[in-house]
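Below are the chains, spelled out letter by letter.
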Amino acid sequence: MERTLRSYLLPSLLYMLLLEAMIAAAILYWPDFEENIDTYGNILPFESVRKMVESISDTGVAAYVNLQHFYKACNVLGTAAAVFFAVGAVAGEANRGTLELWLSRPVSRTRMLLERYVTGALAMTLPIFLTTATIPLLLEQVGEEMSLSGLMLCATHESLFLLVLYSLAFCLSTVTSRPMPVALGLLFVTIFQFSIYLVMEWTHYSWFRLADLDDFQTILRTGSLDASICVPLGLANVALVVAALSLFKRRVP
């Protein structure tokens, strides 16, 4: 367990620093963005993006923060982190030729796999919560404020969303010995999903509809998570973890 934690520590720290740098830069730019928001709305190419800018114009800094931190930074960097933290969990050991040695430990396969799963999940989600917690302090620098409790709910929603991709990559890792093709395939699909979100005719087929600006604005407005989205996301995670455990129990080195 300790060795696994160390292997995730540096990548998770770099991921957190990137998230923090992106939201800090975005918030410090907020006064200039607010001043020129009408100009941005007129020159942006996609109708979906223009609607986001209109939402910022109507609701102010809250929509701007949700767009910059959760929809843009966490969705983009988070999907990459989800894939790479998960796909090597078992497949990486097989690829290095150390899977047989790993399985020879006097520990049940269930415990070994759950330790890997939990460690990677924490490495992916903790940076989201930690960087989100700095947002109220950053907003004070530009004379704005947001509720920390509302932001933490948004971070919870985002984490549940990303955990589905993480769990899928983790599940695939239990049945392959080649992590890189799986990682590249999932990232390709993710990029495709992100791109069709911007096309109005196709946007409803993008899984990023489950974690877009409207979802985070609703959370802040209602002060609660949307059960119609979060419950299915949670169930999907449970199903994928159960599938991973079942597949791993039958795997031979």
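It should be emphasised that the depicted structure is a prediction, and the values quoted were computed from it without experimental measurement. (Residues numbered from 1 in each chain as written. Predicted model: local features only at pLDDT ≥ 70, side-chain atom pairs only at ≥ 80, totals over all residues. Heavy atoms only, no water.)

1. Looking at the overall build of the protein chain
Phase 1 of the analysis: Regarding its fold elements, the protein chain presents 12 helices and zero strands.
Phase 2 of the analysis: Across the protein chain, helices and strands are ordered from the amino to the carboxyl terminus as α-α-α-α-α-α-α-α-α-α-α-α.
Phase 3 of the analysis: Referenced to the eigenvectors of the C-alpha coordinate spread, the extents of the protein chain come out at roughly 60 × 40 × 30 Å.
Phase 4 of the analysis: Residues counted as buried form 48% of the 253 residues belonging to the protein chain.
Phase 5 of the analysis: For the protein chain, the share of sequence-separated contacts (at least 6 apart) that also reach a separation of at least 24 residues comes to 80%. (Helix = DSSP H or I, 4+ residues; strand = E, 2+ residues; numbered from the N terminus. Buried < 20%, exposed > 50% of the residue type's maximum accessible area, 1.4 Å probe, protein only. Contact = heavy atoms within 4.5 Å.)

2. Details of the packing of helix H9 (residues 148–173) against helix H10 (residues 179–197)
The relative placement of two packed helices comes down to the angle between their axes together with the axis-to-axis distance.
Phase 1 of the analysis: The interhelical angle for the contact between H9 and H10, taken along N-to-C directions, is 150 degrees, at an axis separation of 10 Å. Accordingly, the angle class assigned to the pair H9 and H10 is roughly antiparallel. The two elements H9 and H10 cross, and the hand of that crossing is right-handed. Residues Leu 165, Leu 168, Ala 169 and Leu 172 of H9 form the contact with H10, whose own contacting residues are Val 182, Leu 186 and Thr 190.
Phase 2 of the analysis: Here the contact of H9 with H10 is built from residues that sort into six nonpolar, one polar and no charged. (Axes fitted to C-alpha atoms, helices over the stretch in contact; angles between N-to-C directions. Parallel < 35°, antiparallel > 145°, perpendicular 65-115°, else oblique. Left-handed = near helix turned anticlockwise from the far one by under 90°. Nonpolar A, V, L, I, M, F, W, Y, C, P; charged D, E, K, R; others polar.)

3. Looking at the environment of Pro 31
Phase 1 of the analysis: Residue position: Pro 31 is located in helix H1 (residues 2–35).
Phase 2 of the analysis: Under the relative-accessibility criterion, Pro 31 is labelled partly exposed at 35%.
Phase 3 of the analysis: Sequence separation of Pro 31 and Asn 66 is 35 residues, and the distance between their C-alpha atoms is 16 Å.

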